[in-house]
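Tertiary structure, described
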Amino acid sequence: MTNALPLPDFAHERVEVMTGRRSGLFIAVALHSSVLGSALGGARLWTYPSWTDALGDALRLSAAMTLKNAAAGLDAGGGKSVIGLPEGTVLDAERRRAAFLDLGDAVESLGGLYRTAEDVGSTTDDMLVVSERTAHVVGLPDTVGGSGEPAGPTSLGVYASLVATLERAVGTSDVSGRRITIAGLGQVGSRLAERLATEGATLTVTDVNPAKRALAAELGAAWVEPSEAHLVPADVFVPAGIGGVLTDAVIDALDARAVCGPANNPLAERSGAERLARRGILYAPDFVVNAGGVIYLDLVAKQRGTLEQIMGRVADIGDTVRRVFDEAQSRGVTPLAAAEGLAAERLAVGAGDGAFV
């Protein structure tokens, strides 16, 4: 499950909460902002202790999507949907299909203000089921002409961000020989680990799934238990799994020069950004680092550029990270505050012109 995190201030435009009439499962669709356009954010299928935890995740993640899409320069607002599984629930194929049909109905009820996509626990095939109930879904399988799995673009953006972070933290963009710890070997973390191993990084990896040890062995990476990953000396610590991993205790013990990873909401408390800064640990904000997937999905769906141009836009995330670091240094604030300021500037422009794309 996701670590317990504080709820954001409630500034959402609309939140739909329902029990799926087919699946009987808790479903929440949280529209945080449509100031910049129809909101875009994935559908998470996850296990939670209670429906309130699932709702809290939807509220946090949707607010983060507003920041992510704004900082990425997209004409897209922020939203998120969550299908909450009670602990111990195992979905068979029939009930899983029912859950995503229910999600499609929930998305359709917002009348185009929110578009969904695959996320943690869901797949492009699940999105194909959603599309039976609503047209407001992106990232369908490439076999039916959709844009397919966005983990590759997300990983590319994380790599570009990591290179920019290394430049600032250690003075070089060369990953060869650099000590990098990746905590989480899902679709994005695995792709990143494979690329870094190919380029000669000294890798330490971990995952809550012990079967991922096989990938570590294949890559020649050291394996540690998840609870010990932050203790391994590293140039960059890469949170790539659950949110809330950077608690005060973890930050105080973290043996790394920088943090840069794709995990959503890795800071257990917002004050963690200041805590990292006091320890001299450079922090690349997650909602900037992990925007590659949403950039890809949004621009492909809107047919804004060739695939090469869109992937170039994803790679430019590295330049956004550099800008965030420059802003933070010049203003004497944390990179998190600088990135939030960048998003706020974009939102202010959107609010002023009243555009809806």
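Criteria and thresholds
- Residues numbered from 1 in each chain as written.
- Predicted model: local features only at pLDDT ≥ 70, side-chain atom pairs only at ≥ 80, totals over all residues.
- Heavy atoms only, no water.
- UniProt positions renumbered as here; feature names shortened; annotations may be inferred.
- Helix = DSSP H or I, 4+ residues; strand = E, 2+ residues; numbered from the N terminus.
- Rg over C-alpha atoms; globule rule 2.2 N^0.38 Å.
- Buried < 20%, exposed > 50% of the residue type's maximum accessible area, 1.4 Å probe, protein only.
- Contact = heavy atoms within 4.5 Å.
- Areas by Shrake-Rupley, 256 points an atom, 1.4 Å probe, with all protein chains shown as cover.
- Pairing = 2+ DSSP bridges.
- Axes fitted to C-alpha atoms, helices over the stretch in contact; angles between N-to-C directions.
- Salt bridge = Lys/Arg side-chain N within 4 Å of Asp/Glu carboxyl O.
- Parallel < 35°, antiparallel > 145°, perpendicular 65-115°, else oblique.
- Left-handed = near helix turned anticlockwise from the far one by under 90°.
- Nonpolar A, V, L, I, M, F, W, Y, C, P; charged D, E, K, R; others polar.
- Polar contact = N/O pair within 3.5 Å; in protein donor to acceptor, adjacent residues only side chain to side chain.

- Named according to an unreviewed UniProt entry, the protein is Glu/Leu/Phe/Val dehydrogenase dimerization domain-containing protein originating from Microbacterium galbum.
- What UniProt states about the protein under its Sequence similarities (unreviewed entry) heading is, verbatim, "Belongs to the Glu/Leu/Phe/Val dehydrogenases family."

**Remarks on the overall build of the protein**
- A tally of helices and strands in the protein yields 13 helices and 12 strands.
- Taking 357 residues into account, the globule formula puts the C-alpha radius of gyration at 21 Å, and the protein, at 19 Å, falls close to it.
- In terms of overall dimensions, the protein has a C-alpha envelope of 50 × 50 × 40 Å along the principal axes.
- The burial tally for the protein puts 54% of its 357 residues in the buried class.
- Contacts spanning at least 24 positions in sequence make up 66% of the contacts within the protein whose residues lie at least 6 apart.
- A total of about 14,300 Å² of accessible surface is found on the protein, and carbon and sulfur atoms cover 51% of it.

**Some remarks on the sheet that holds strand β11 (residues 256-259)**
- Strand order across the open sheet formed by six strands is β9-β8-β7-β10-β11-β12, with parallel pairing between neighbours. Of all strands in the sheet, those bounded by a partner on one side alone are β9 (222-223) and β12 (282-283).
- The pairing of strand β7 (residues 179-183) with strand β8 (residues 202-206) spans five bridges and is parallel. Opposite Ile 180, over in β8, you have Leu 203 as the bridge partner.
- Packing of helix α5 (residues 187-198) onto the sheet brings it into contact with β7, β8 and β10 (234-239), and relative to β7 it is tilted by some 160°.

**Examining the pattern of salt bridges**
- Under the defined criterion, the tally for this structure stands at 27 salt bridges.
- Here Arg 44 makes a salt bridge to Asp 57, at a shortest N to O gap of 3.7 Å. Here Asp 57 lies in helix α1 (residues 51-71) and Arg 44 lies in strand β4 (residues 43-48), a separation of 13 residues in the sequence.
- With relative accessibility at 1%, the residue Asp 57 sits in the buried group.
- Arg 275 is the salt-bridge partner of Asp 248, the closest N and O atoms lying 3.6 Å from each other. A residue pair is termed long-range when its members are at least 10 positions apart, and Asp 248 in helix α7 (residues 248-253) and Arg 275 in helix α8 (residues 272-278) qualify at 27 residues.
- Each of Arg 44, Asp 57, Arg 60, Lys 80 and Asp 119 takes part in salt bridges that share partners, so that together they form one network.

**Describing the packing of helix α4 (residues 151-170) against α5**
- α5 packs onto α4 with a crossing angle of 55° between their chain directions and a minimal axis gap of 9 Å. Between α4 and α5, the angle falls in the class oblique. As for the relative orientation of α4 and α5, their crossing is right-handed in sense. Listed contacts from α5 to Ala 151, Gly 152, Thr 154, Ser 155, Leu 156, Val 158, Tyr 159 and Leu 162 of α4 are Gln 187, Val 188, Arg 191, Leu 192, Arg 195 and Leu 196.
- Per-class residue counts for the contact of α4 with α5 are eight nonpolar, four polar and two charged.

**Things to note about the environment of Val 250**
- Here Val 250 is to be found in helix α7.
- Considered as a pair, Val 250 and Arg 21 are 229 residues apart in the sequence and their alpha carbons are 42 Å apart.
- Discounting residues that sit within four places of it in the chain, Val 250 has contacts with His 230 and Val 245.

**Some details on the side chain of Asn 69**
- Relative to the elements of secondary structure, Asn 69 occurs in helix α1.
- A distance of 2.6 Å separates the side chain of Asn 69 from the backbone oxygen of Gly 77, its partner in a polar contact.
- Apart from the residues within four sequence positions on either side, Asn 69 is in contact with Leu 40, Leu 74, Ala 76, Gly 77, Gly 78, Val 294 and Arg 346.

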